Structures are given as C-alpha cells and as structure tokens.
Amino acid sequence: MEERARSCLLRHRDTLQQDIKASYLMDHMVSDNVLTHDEEEKVRAKPTRKEQAVTLIDLVLQKDNRAYISVYNALIRESYGDLASLLQPDLPLISPEAQKSFSDGGTPYVNTTLIEGGVPQRPVVFVTRPPLVNQIREKLYRLQDTTGWVTVFGMAGSGKSVLAAEAVRDEAVIKECFPGGVHWLSIGQLELPGLLVKIQSLCFRLEQTLDSSSQRPPNSIEEAKDRLRYLMLYKYPRSLLILDDIWDGAVLKAFDVQCRVLLTTRDRSLVDSVGGQRFEVHVESGLGHKKALEVLALYVNKKPEDLPDQAYSIVRECKCSPLVVSLIGALLHDFPDRWDYYLRQLKMKQFRRIRKSSSYDYEALDQAMDASITVLQEDYQELYKDFTVVKKDVKVPAKVLSIIWNLELEEVEDMLQEFVNKSLLFRDCTHRPYLYYLHDLQLDFLVEQNRSRLQVCELHSKVVRQYQQFYREGPPISGDQECLYWFRYLTYHMANAGLTQELYTLIFSLDWIKTKAQLMGPVSVINDYVEHGAILENSEVCKQFLEFLSVNGHHLEQKPFPDVVQLGLSQPVSSRVYQEAQLLAQQQTSSGALYLDWVNKSSLESLSRLVIKPLQGFIYYACFSRDGLKIASCGAVSLQVFRVTSGEKLLDFRAHEDEVLCCAFSPDDRQIATCSSDKKVKLWNAEKGTLIRTFDEEHEEQVNHCQFTNTRRRILLATCSNDSVYNMKLWNPNRQSSQNTLFGHMEPVSHCCFSPDDTYLSTSSSDGTLKLWEVSSANEWKSINVQGILDEDEETETIVKCSSWSADCRRIFCAARNAVFMFDVTTTELLSEIRTNRLSTVQFCDACPNSQLVAVALSHYAVELWDVEAKKKKADCRGHLSSVHCVRFSPDGALLLSSSSDQTFRLWETEKIHTSSAVSLKRDLDVLFDDRDVIIVAPDNKNKLQVRSGNAGDVMFQSQKLESRIRCVCLYRDPLVVALGQEDGVVQVLELPSGKVLHVLSGHTKTVLHCQFNADGHTLITSSEDATLRVWKWRTGECRVLQGHTEQVRRFLLLETMFPMPCLLSWSYDGTVKVWDMSTAEKIQDIVCHQGSILSCDASPDGHLFATTSTDKTAKLWSLQSWRKLHELIGHQDCIRSCRFSWNSSRLATGDDYGEIRLWCVLDGSLLKICSSSRKDSMDSLHGGWVTDLHFSPDNKVLVSTGGYVKWWDVEKGKALQTFYTTGANLKGIHVSPDFGTFVTIDSIGILYILRKM
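Under an unreviewed UniProt entry, the protein has the name Apoptotic protease-activating factor 1 and belongs to Scleropages formosus. One UniProt comment on the protein, placed under Subunit (unreviewed entry), says "Monomer. Oligomerizes upon binding of cytochrome c and dATP." Among the UniProt annotations of the protein, the heading Subcellular location (unreviewed entry) holds the following wording: "Cytoplasm".

Following this line, the structure appears as structure tokens:
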C-alpha cells in the first residue's frame, strides 16, 4: 500500500474504529476479493463491534492499494459518506502504471483529458445512475466512425448535465471514440452577441492547446463557425464537442460543422434544425426513491435509514427530482434542523424560498421552471396555463384538451407535441390515443403562478363550461380515455370552480351514478361524496347517497350491471335516493319496465357503513392501518389494501403461492407483513406493494398469524404456526433470521398478540392454553388452562382461537368454542365469561380500545358486541351471508371491521350499532293475500310465532316462546287460524288474532316438515321426517296415517279437483311419488320416478300432468291419467331443486343448484329457453345460490324465481327483467299474490320483504 494511503488510515484510525460496523463493510470487501472468508470469520469472532472494527483495520493495513480502495467504496455504499471523505484525498493508484480505474471511474489520462476540455467535475454530492449513463455511452459509440449528434433531453433539473459529464468519464469511450479530446461548452439562453463570445472562447481554447501562433478572434457568427469547422475537421478530427443546455435551434446551427456533438437540452426537437446522424436519450425526471434518499443522506452526513420521516416526504413531494433534492440537500447541509421548514415550503409551492447558490444556472427553483415557459409563444403560454387545473398524476387525453381549448384535435396534438419537445409536458405512449401529463414540479409551479382564488375558479369554470357546451345532449358513454376523464374529474372541476348548484344536481342524480359506476366502479362514485360532501349545502342528502353507495357498492361491481333505480327503491322512504328512484321508476314503468317497491322496509335500517367485496373466495383476515385510514385484507393468494373512507382499492397483488391467512401493518404503516399456508412470512412496502423480505426457512408448517409490535420504540414481528415445537417466533424485520423462538406450546398456535405497551405477547393454541410471554426475554410468564374451564365436555378438543388485550394491559380476553373469557393479567383469575349461541363457534374476538366492549365473530354469520363485565349483549350486527372469520376495531374504536367467507368485509360505526328492534324471522312462512292486503305467519329466532299484516308488516299476534322448534306453518282464512308443526312431531292449531290454542295434534314421531289446510279448511295434512303423512280432522283430532315412503316426506300436493275423490300426491327422498285417497288413506299409485332423491314436484293447472325433479339432474313429465312417463328432460348441470307449470299448462320451468333456469315445452319435452345470467356471481352461481322456487304470472309472460336473490324473467325471451337483492341470501321460496302484484319472502338473516310491483 502506498505510504500516503497507509498514513491516512493511521491518521483516521480512531475515528473509523469508533464509527464503522465491520460486518457491513466486509460483504463488499469479500466481493472485491481483497478479504478472504477466513479473515472475515476472524473479524466476526471478536465479541464487540469495536474489536471487530480494530481487527478489520489491522488487516487492511497489511494489504495493498486495492484494499484501501475497497474500504473507501464500501464506506460509500454503506452511507458512511463522512468517513469516506476522510479517505478520499489520499486514494492510491491500484498499480504503478496508473492505467486502472480510480474509485470514481476515472484515470489520470481521463482526468487530464476532461480538465483540458473544460468538462465539469463531479458534484460534491454525487450518486450514480448507471442505466442512463450506459445509454448515453452506447449512443456515443455510434459516433466512433462518423460525425453526428447525441441529444440528452429532459425537464429542468433532471440531471442532464451531470449525466453528460459522467458519460465521458470513461477511458474506453475517450480512447476508442474521441482520442482527439472532449470539449465542453455551456450555452444557456443566449442572444447572438453572447453566442459569438462563446464560440470565440472555444476557438481560443482549442488553438491554445495546439500551441499555434495567436490568431485574431472571429468577428461574426459565420466566421466563427468556419474557424470551428476548420479546427474540428483538421486539428481535432476525432474529438467530441459537448454543448450543455441548448435552448434555441438557431444557436445549435452555429455548431453544425460536421463534427461529433453531445448536447443537453429541454427541447428534443432542436436537432431537427441540423443535419447528420441523430441519436437521443431521454432523461427521466426522477432519480428513484432510493437514490434521492442517498443524495439527502450524503448532504447531511447520515445513512439513508437514519434520515427523519420528513426526508421520505420531501422525496415523495418532489418526485425524486435531482434538482430539488440537491437544492434542499445543500440547504440542509447548512441548516440541518430545517427539515420541517423545507418540506412545508415544498408543499406550499413556495419555490422562491428553495434557493441556494450553486453551479446550477438558476439560483432558485422557480427561476428554473419559469425559464422553460417564457420561450413559448404568448398564445401557447396562455393555453399552457390551463394545465393549472389538472390534478397531480393525472394523464389527460388530447380530446379533452381540444374541448377545453375549443380547437381541432389535430391542432391540439401539434401544440402538445411542442410542449413535449420542450420537456414541458410528458407523453404516455402506452395508450392510444396518447395521454399527456405534467411533472409534479411543473404543476406546482403553475399553481404557484396562478394561486389566487379568482384565477383558479376562472380556469376550472372554463373547463366546466366547455364540457357543458360540447355535451349538452348528454354525457359521453363510450368508455374511452376521454370519456373516463370527464367522469373522474368533472366533479373536481365543478367543486374548484365554486359551481355548487351544478355539482349538487350532478352527483345527486341516479343517472350519473349509474353511468359512472358502470364505467368506473362504485368506489369512484363514493369518492365524489367523500371529497366534495363538505361544500354541498345539504349534508343530510349527501349522507343518504353515501350510505346508499357504501352498502350497495358490491352489487354495482357485478356483471350484468344491476338496475340502480331498483337498488334505490330499497332505501328508506324519507331518503332523497328513494324519492328520485321512485320518480324514475314511475316514468319507466309507463313504458313497460318492471320495478318493485319494498313496502315494509320502514322498520329496518342498514347498520353497515361500507361493504367491500375484494376477493373471489374467503377473506381470512382484515385489519386497519395504524393511522386508521386504510384496510388490508387477505384470502386466496392475494393481499389488497383499501381506503377506509370510500373503499377505493389502493393495492392488489399476489402475495403468496397458497392461501394468505393473515396480514398486519407495521407501527409506522410503511410495511405490511403477510403469512400463508405456503409456510412463508413476507414483508411488503405498504405504498408500492413491492417485496422487501421473505422469511421462508424456519417455519415448517403453515403460518397462521403475524403481528407487529404496537410502538415504534423497537419494532418486532411475531409469527405463529402449525409447527409441533418451533411454532412461535419473534423477528427483527431488518434481519433474515428470527431473533427468538418461544418454546411452550406443543400443538399448533393459531394467534399471537402484543400487549398495547409491547411488554408481553399472548399466544393462543390448540393445546387448550393461553400463554403470556415477556417480550424482552422471550420467556414464558403465565399460562392459562382454558381447557380446564371448559372441562364439562372433556371429549371435545378445546382450541383457543385468539386473544385480545384491554387498553390498560390489565385484562386479556380469549375465545374458545362458543365462549369468550376475560382474565386478570397479573393473577390469571377468571373475571368474567360470556356464552354465545350453543350451535355457533366464536371465530375471533377483539377488545375496543376506548370502551368496555368486545366484538365477537361467530360461525353462524353474525357479529356481536358484548359488555363482558356486565355479561350483556349490546349489539347484533346482521348482514354477512356466511361464517365471519375476523373482527377488528379501528385504532380509535369508532369503526368495527368484519370479514367473512361470503367474500366481503363490512365496516360498522360502533356508536350506531345497537341491538335491532326488528326480530329476525325464520324462512318457514305462509301468506294469505286479500286484494292488496297480506297476512304473514312465520316463527322468529326466539321460537315465537309471529303473525304480521298490512304493507308495513305490523305484528298482529306474537305467541309465547315454544319449547320445541317451529318447523312449518300454514294459514286458513275463514275462520282465521294457523297451524304449526314442530320439531318434536306435535302440530298445534291456533285461533287468530287471539292466539288461543284450538287443538294440539300428536302422532308424528319426528319433525313435522310441511302442513297445509284443504280447500274447505276442515282437513289439515302434515308430512314428517318419520316418512309418513297424516290427514287430520283437526277439530275432532281424527287422524288417518299415510304410510309407504321409506324416507322423509318434505312436501306434498293436494289434487282435490282432479279426481272424483280428494287425493294427495306426495314425494320423498326415496325417489318415489305416491298418490293417496285422503278419505280412505288408501294408496292409489306408487311410482318409482328417479334413482336419486326427489326434490320438487308440481301438477299442471289443467289436471293432466305432473312433473318431478331430482338430485339425478333430470326432470320428468308424467301423465295424471295413465301414470306413465311422457318425457325425460335432460340438460341441467346440477341437482334440479324446483319446478313450476305455467297457468296455461304449456310450459314447465325448472331451476337447479347451479342457478340455471330452463323452460320446456310440455307437449314434446323440448327445451325452449335457458334463463341465466351471463356469468357467475359472488356465490359461484348464476342466481346467487340454488334456484328454490318458481312462479308464472297469470298471463304466462313473466316468471319469478328465488335463489340468492329474487329475479323476474321475460318468458318469451329468457331475459331478466329485474333483480331484487335481499340483504341476506338463500331464499327458500316466495309467495305470490294471484294478480302477480305482491311478493313475500324472508331471507337467511330473517328480514321480511313485502314487494309490490309499481
């Protein structure tokens, strides 16, 4: 090693040993082959960081020049810029020949050449941009054997000059391409006299180098051009002329002397004015996030990871602009405490205050931006000013600008091309037609220049006026980029123009909502109300529309697109949404459209604030970000991130190869952790969705849960898995291997959770225990035997599903089986417990951070809120259609998030959730229609019998709670009585409305599945799981038993008018149909119809036929006279669950479990139509589930069907006329009035629907 290098190391030895971390440097030194692996191990063997540093420096002192340079480069790469600057002055040559590279890429030959040519040195703070430098060098090699031009172009401050200088700082480039030298000339904005002086100066420099006798300076541009041509052609035949910062084509012509030129400019079109070969390199406006932080770090002598949060904000705000980062970095070098100040100035567009004397031509940022615009023609400058109203990061089609400017499209495209050429605008060529956008700095500068409220309003008003003028016949619906721009940003322009009335009219229009949601999805519409609701006069109306869209948004993402007017008719009568929907429906029904009014909806209200359907599949977990502004959800193999206010999707990417079971935000919200069945844990950038790190070597089974610490003091990640022993781990997110493994659970661990102060970690396991661990030592602190508390059923395995801490860390909650327990953390004493529905399992629980509430997710589709100390249920949240996997409170406790197997997550406002006064009904109902009045009877969730009447569904009678579950009901009109069949086989007949029990009929030995009065009401027929039917003279209790079926009899048909004696047709899971004489209980016919179970049966109104459907995917038509099979109907892909004849007996409709409905010709058994949606819905069906019921209208033109929702079909066309989406799903059937004007059904969560055709 050279003596001066050794002396430098010895001189700064103490400083280096004090500050460096040897392990960081050694990776680079091993890669440079200056340190062996044995030497690396020798260093690592030292016990302390300082001893490792001492050993490393001792080793370097024993080596040659390459070791010194390797240490220097390693210091640079590891952001020890201050230490590297100590070594830089004494950097040695690698070899005595001095032909190998210095640390900066130059050699004495290169340095001498560049100094002689006036090429600027590297900036004090410099970061490499290899891809761009290599592009420029590749273009320079094209000039090796010919003259020509290489243009480096880009916007102000993009680093063009530095890149041009760096491209020639290479020995191979100079020797092979430009052995005659490299000559740099800074141009800038020049008048002709200034240009002459520049060329005179260049000629003088070139002549001085030749040691030729002094010549008179050229007196004109032409003379100067001739002199330069002579010098470049005869004296410097293979040299490169670099022209920095060219603005004018006329200036460039002066250098058109058939030589090799590299020029930097903001205007790529300048080279059109000269001849010769031309090549170009576009310099992007940003350094890249990592490089920009590196620049700031070098200026303030810190490592990038040690920079404050404001550094990241500055880089984001300026889009990594080299100019802005350098200007602010230089300012911070002098004033290191002004991070907040300069960030604030940048956000406020105070560019004049971001100024610093430097080698750059413009002292302040605003001067650099203004210079580009002032060279435009005056009329172009005025039009360019209109870009002030464009939102950041928005790309605008030329067609939009042609409307705003009222110019021909071609003329606008030519104008935009000039803006692009001058780097005042960027063009996205990935779209056709092209899209145009501004860099944030350019936009910020325009906003600063036109910052007065009046100016801004006028510009936005101009945009709105031009739109209204161009689209006075109606909005665009083409779906192209121009159309999408208006739907995205018209409301933004109206709001900023102060056009409140126009905005009000627009966004409170269902037509606008329909078109915008259809083109762009519901989130974009919701954003209108979130962004502009505050400026609208009627906040209540805004709230109504926002609630409508938030709760129905998942419907608006379906294909085919639902009828927005019909959705609006489900809103409360007092809502502006309902009122507008009613008006539109009335207008459209006059032209034949079908709409249904939910007439009894006044007693119900929606409790969900937002419903999002992010995935095709289960949502296993969803959580809030720490600031409460975002939601992350996972399931299948994906991770998605949404905005809380609107449900806008921010991220969506494939995270794992198998199901993603959990996700968690880091305390600073910069990272998201995910874990999966693929045994891996991954860390992701929460803004970009890019992968940071994968932990894939330590867990050997699926990883069930992951959770970060709550504070930023010491960020750790906890994971738990199905591993038998090594199932709990703590990770430092910055290291590849785990920090600690926690031993104690011998069965899979399902959940882990840090205490709010991060002192303890709780883990929940299949071994029936809840364990608490000290985070600092990773030692077990407490163990709670939850299995012991539930020991009344020792044969049942106890899995502790999850745990949650109280805000004060004094209590901990855990869920197991159907219970939630609350323990004292210090003593592990059981303080309280709640037991939920015995038929349901608690899937998850979470404690509210600011109250005594605990949220509970249940397997039977429910979310409940409990006060655990009082053991009292405070709320019952209905809406999910399948098992709820997870519930989480927002950080402030204001919102509750639930996620479910129904492919949705729901947001609930904690303060608005309450135990609903509307008792949920069971789906086993019967209905009597009387003109426009209805009487409905159904059991409720308390096993009380309810009788309701009228449009509002008012309770007419409610019984006491019955001991045995009610499984079926039926009504008779005169006298008004109701029969109910129970799970214990008992049948009761009650008088209405008094509720007096008239008779109790016992005989069935198992559940009564169906009951029905005959036409005169004297006879009651029942069928049961005991495989029998019974015919009761219910007033006397006389009974005839119909025996013959071998499996349960779910339904039957009365054939009282089709035969001389009253007959009954029954069917069963045994595959047979039997016909009985009700008066004698004699079996008339016994027909084996199907190999599988019979699921439905119907008789034709003309009394000639009956149809059967089965699990064998076939339907069959039979004669009621000959009892022979007439036709077998084949084609369904799944079990056929329902069938119905048309009233004229010419058609048969059949519906299957795939959601498909088929219409058949009864005469010949041919298929007439298939009624189905074009694609599957969220329940993987064509009808939201099984098709359970079918009814024809009296005129046989319309068919109504039930499945996951209710649909009406045009029988002739097989096309859907209307869809009514119920809140719940899995409708069992629907009751239809004789005039086909009223429809009654109950959904899976117990909501009653009385629908009336408008």
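**Student:** Even after reading the chapter, I still don't get the overall build of the protein, so can you show me in this structure?
**Tutor:** For the protein, the count of helices and strands is 32 helices and 68 strands. Judged by the C-alpha coordinates and their principal axes, the protein covers about 135 × 75 × 55 Å. Counting the 1254 residues in the protein, one finds 57% classified as buried. Considering only contacts within the protein whose residues lie at least 6 apart along the sequence, 52% involve residues at least 24 apart. When the accessible surface of the protein is split by element, carbon and sulfur atoms take 46% of a total near 52100 Å². Across the protein, the mean location of the 141 positive side-chain charges is 1 Å away from that of the 162 negative side-chain charges.

**Student:** Hey, could you run me through the UniProt feature "repeat: WD" (unreviewed entry) in the protein in this one?
**Tutor:** As recorded in UniProt, the sites labelled "repeat: WD" (unreviewed entry) are residues 653-694, 742-783, 877-918, 1001-1042, 1042-1086, 1087-1128 and 1129-1170. Helix makes up 0% of residues 653-694 and strand 55%. Its end C-alpha atoms lie 16 Å apart. Its end C-alpha atoms 12 Å apart, residues 1042-1086 is made of 0% helix and 49% strand.

**Student:** Please clarify how the sheet that holds strand 44 (residues 987-991) should be interpreted in this entry.
**Tutor:** Within a sheet, adjacent strands bond to each other through the backbone by hydrogen bonds, running parallel or antiparallel. With antiparallel pairing, the four strands of this open sheet are ordered in space as 42-43-44-45. This sheet does not close on itself; its edge strands, each paired only once, are strand 42 (966-972) and strand 45 (997-1001). Strand-to-strand twist of the sheet, defined as the mean angle between neighbouring strand axes without regard to direction, takes the value 15°. Sheet topology note: the strand 42/strand 43 (residues 977-982) ladder contains six bridges and is antiparallel. From the neighbouring strand, Cys968 faces strand 43, where its bridge partner is Gly981.

**Student:** Explanation requested: the nonpolar core in the structure shown.
**Tutor:** A general feature of soluble globular proteins is that nonpolar side chains tend to end up buried together. Counting 86 residues, the largest nonpolar core has Phe387, Trp405, Leu416, Phe419 and Trp486 as the members making the most contacts within it. Counting residues per element, this core draws most heavily on helix 25 (residues 481-497), which supplies nine residues. For Trp405, the residues in contact, after removing those within four places along its chain, are Leu383, Asp386, Phe387, Val412, Met415, Leu416, Phe419 and Lys462. Grouped together as the second largest cluster of nonpolar side chains are 58 residues, Ala664, Cys845, Leu853 and Trp908 included.

**Student:** Would you mind going over the environment of Cys8 with me for this structure?
**Tutor:** Mapped onto the secondary structure, Cys8 falls in helix 1 (residues 3-11). Spatially, the C-alpha atom of Cys8 lies 95 Å from that of Tyr1069, the residues being 1061 residues apart in sequence. Each residue touching Cys8, except ones within four places of it in the same chain, is listed here: Tyr68, Leu86, Leu87 and Asp90.

**Student:** Which parts of the structure should I look at to understand a negative patch on the surface?
**Tutor:** There is a patch of like negative charges on the surface, built from Glu408, Glu410, Glu411, Glu413 and Asp414. By the element assignment, Asp414 lies in helix 22 (residues 409-421). Note on Asp414: relative accessible area 59%, which makes it exposed.

**Student:** What is the right way to look at a nonpolar patch on the surface in this model?
**Tutor:** Together, Val725, Tyr726, Phe743 and Met746 line one region of the surface with nonpolar side chains, adding up to about 390 Å² of accessible area. If you trace the backbone, Tyr726 turns up in the loop between strand 20 (717-721) and strand 21 (728-731). On the basis of relative accessibility, which here comes to 45%, the residue Tyr726 falls in the partly exposed class.

**Student:** Is there a simple way to explain helix 1 in this structure?
**Tutor:** One turn of an α-helix holds 3.6 residues; hence residues three or four places apart share an orientation. Here helix 1 has its buried residues at Ala5, Cys8 and Leu9. Along the axis of helix 1, the buried positions cluster into a sector of 100°, meaning they face one direction only. Seen from the buried face of helix 1, the exposed residues on the opposite side, beyond 90 degrees, are Glu3 and Arg11.

**Student:** Quick question: what am I supposed to make of the packing of helix 21 (residues 398-405) against helix 25 here?
**Tutor:** Geometry of a packed helix pair, given as the angle between the helix axes and the separation of the axes. Axis separation between helix 21 and helix 25 bottoms out at 8 Å; the angle between their running directions is 65°. Contacts from Lys399, Val400, Ile403 and Ile404 of helix 21 reach helix 25 at Glu482, Tyr485 and Trp486. Classifying every residue of the contact of helix 21 with helix 25 gives five nonpolar, no polar and two charged.

**Student:** Mind showing me how you'd approach the packing of helix 16 (residues 309-317) against helix 18 (residues 339-347) here?
**Tutor:** Packing of helix 16 against helix 18 leaves a shortest axis separation of 10 Å and a crossing angle of 20°. Judged by the angle between their axes, helix 16 and helix 18 are roughly parallel. Where helix 16 crosses over helix 18, the two elements pack in a sense that is left-handed. Across the interface between the two elements, Gln310, Ala311, Ser313, Ile314 and Glu317 from helix 16 touch Trp339, Asp340, Leu343, Leu346 and Lys347 from helix 18. Considered class by class, the residues forming the contact of helix 16 with helix 18 number five nonpolar, two polar and three charged.

**Student:** Would you take a moment to explain helix 31 (residues 576-589) for this structure?
**Tutor:** Counted at 1.5 Å a residue, the expected span for helix 31 with its 14 residues is 20 Å, and the 20 Å between its end C-alpha atoms agrees. Of all the residues in helix 31, the buried ones are Val577, Tyr578, Glu580, Ala581, Leu584 and Ala585. Buried positions in helix 31, seen along its axis, are confined to an arc of 165° and lie on one side of it. Each element contacted by the buried residues of helix 31 is listed here: helix 27 (510-520), helix 29 (539-552), helix 30 (564-568) and strand 9 (596-598). Between the side-chain oxygen at the start of helix 31 and the backbone nitrogen of Val577 there is a gap of 3.0 Å, and the oxygen is on Ser575.

Conventions used here
- Residues numbered from 1 in each chain as written.
- Predicted model: local features only at pLDDT ≥ 70, side-chain atom pairs only at ≥ 80, totals over all residues.
- Heavy atoms only, no water.
- UniProt positions renumbered as here; feature names shortened; annotations may be inferred.
- Helix = DSSP H or I, 4+ residues; strand = E, 2+ residues; numbered from the N terminus.
- Buried < 20%, exposed > 50% of the residue type's maximum accessible area, 1.4 Å probe, protein only.
- Contact = heavy atoms within 4.5 Å.
- Areas by Shrake-Rupley, 256 points an atom, 1.4 Å probe, with all protein chains shown as cover.
- Lys, Arg positive; Asp, Glu negative; His and termini not counted.
- Charge placed at Lys NZ, Arg CZ, Asp CG, Glu CD.
- Pairing = 2+ DSSP bridges.
- Axes fitted to C-alpha atoms, helices over the stretch in contact; angles between N-to-C directions.
- Core = buried A, V, L, I, M, F, W, Y, C linked by side-chain atoms within 4.5 Å.
- Patch = residues over 30% accessible without salt bridge, like charges linked within 9 Å, V, L, I, M, F, W, Y side chains within 5 Å.
- Salt bridge = Lys/Arg side-chain N within 4 Å of Asp/Glu carboxyl O.
- Arc of directions from axis to C-beta.
- Nonpolar A, V, L, I, M, F, W, Y, C, P; charged D, E, K, R; others polar.
- Parallel < 35°, antiparallel > 145°, perpendicular 65-115°, else oblique.
- Left-handed = near helix turned anticlockwise from the far one by under 90°.
- Expected span 1.5 Å × (residues − 1).
- Polar contact = N/O pair within 3.5 Å; in protein donor to acceptor, adjacent residues only side chain to side chain.

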